[in-house]
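Each chain, written out:
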Amino acid sequence: MNKVFLIGYLARDPELRYTSSNIPVASLTLAVNRNFTNQNGEKEVDFINIVVWKKQAENIHKYCFKGSKVAIEGRIQVRSYDDQNGQKRYVTEVVSENIEFINTKKEEPKEKSNSEIIKDVMEDKDPFEEFAKETQITNSDLPF
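On a predicted model such as this, the values are computed, not experimentally measured, just so you know. (Residues numbered from 1 in each chain as written. Predicted model: local features only at pLDDT ≥ 70, side-chain atom pairs only at ≥ 80, totals over all residues. Heavy atoms only, no water.)

### Some words on the pattern of salt bridges
Taken as a whole, this structure holds seven salt bridges when the rule is applied. A salt bridge links Asp 46 to Arg 34; the nearest nitrogen and oxygen atoms lie 2.8 Å apart. One end of the pair, Asp 46, is in strand 4 (residues 43-53); the other, Arg 34, is in strand 3 (residues 24-37), with twelve residues separating them in the sequence. Taking relative accessible area as the criterion, Asp 46 reaches 26% and is therefore assigned partly exposed. A salt bridge links Arg 79 to Glu 93; the shortest N-O distance between them is 2.7 Å. (Salt bridge = Lys/Arg side-chain N within 4 Å of Asp/Glu carboxyl O. Helix = DSSP H or I, 4+ residues; strand = E, 2+ residues; numbered from the N terminus. Buried < 20%, exposed > 50% of the residue type's maximum accessible area, 1.4 Å probe, protein only.)

What follows is the structure, given as structure tokens:
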């Protein structure tokens, strides 16, 4: 099974292109906290390349920017190509199948510095706290 779930911050503005068949494709880099502390006591951040296709590509380009927080569901893809010198190059990326915008252009100022993005990633304790609060359910609430 090849399934990936990531929550992080865009490390740069999404780049939108169109294939020769006029299909939209966006490239972006997601900064994700590892929840791992290195030998210096600092949390580490991974910068993961993401590819988004079709309508979601146009939407992420329209509504998200460097510093936007998103949740991505997708799969890991490894591909290769020959560079200008004939050397074979390998690329590992996540191909997005679904994106949830946690914040957008309307909710934050346009520009965040890389250090602000990394700080946001480092301080992010519960990635789900913005979705909902815990709900208490008793046995009498259950329909069975």
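### What to know about a nonpolar patch on the surface
Taken together, the side chains of Ile 76, Val 78 and Tyr 90 present a nonpolar region at the surface, about 350 Å² in accessible area. Structurally, Ile 76 is set in strand 5 (residues 69-82). For Ile 76, a relative accessible area of 41% puts it in the partly exposed group. (Patch = residues over 30% accessible without salt bridge, like charges linked within 9 Å, V, L, I, M, F, W, Y side chains within 5 Å. Areas by Shrake-Rupley, 256 points an atom, 1.4 Å probe, with all protein chains shown as cover.)

### Describing the confidence of the model for the protein
For the protein, mean pLDDT is 81; residues scoring 70 or higher make up 72% of the total. Within the protein, no element has a lower average pLDDT than helix 2 (residues 114-123), which sits at 64, and none a higher one than strand 2 (residues 15-18), at 94. (pLDDT = per-residue confidence, 0-100.)

### Concerning the side chain of Glu 93
Inspection of the secondary structure assignment puts Glu 93 in strand 6 (residues 88-101). Residue classification places Glu 93 among the buried positions, given a relative accessible area of 6%. Within the local environment of Glu 93, its side chain forms a polar contact with the side chain of Arg 79, the two groups lying 2.7 Å apart. Aside from chain neighbours lying at most four places away, what touches Glu 93 is Asn 49, Val 51, Arg 75, Ile 76, Gln 77 and Arg 79. (Polar contact = N/O pair within 3.5 Å; in protein donor to acceptor, adjacent residues only side chain to side chain. Contact = heavy atoms within 4.5 Å.)

### Observations concerning the nonpolar core
Soluble globular proteins tend to bury their nonpolar side chains together. Leu 6, Leu 28, Leu 30, Ile 50, Val 52, Val 70 and Ile 72 are the most contacted members of the largest nonpolar core, which has 16 residues in total. Broken down by secondary-structure element, the contributors of at least two residues to this core are strand 1 (4-10), strand 3, strand 4, helix 1 (54-63), strand 5 and strand 6. With near-sequence residues (within four places) excluded, Leu 28 lies in contact with Leu 10, Arg 12, Pro 14, Ile 48, Asn 49, Ile 50, Val 52, Ile 60 and Ile 72. (Core = buried A, V, L, I, M, F, W, Y, C linked by side-chain atoms within 4.5 Å.)

### Looking at unusual backbone geometry
At Asn 22, a residue that is not glycine, the phi angle is positive and equals roughly 65°. Tracing the backbone through its elements, the reader meets Asn 22 in the loop between strand 2 and strand 3.

### Concerning the side chain of Ser 96
With respect to the helices and strands, the residue Ser 96 is situated in strand 6. Overall, Ser 96 belongs to the buried group, its relative accessible area being 9%. Ignoring sequence-local partners within four residues, the contact set of Ser 96 consists of Ile 50, Val 51, Val 52, Gln 56, Ile 72, Glu 73 and Gly 74.

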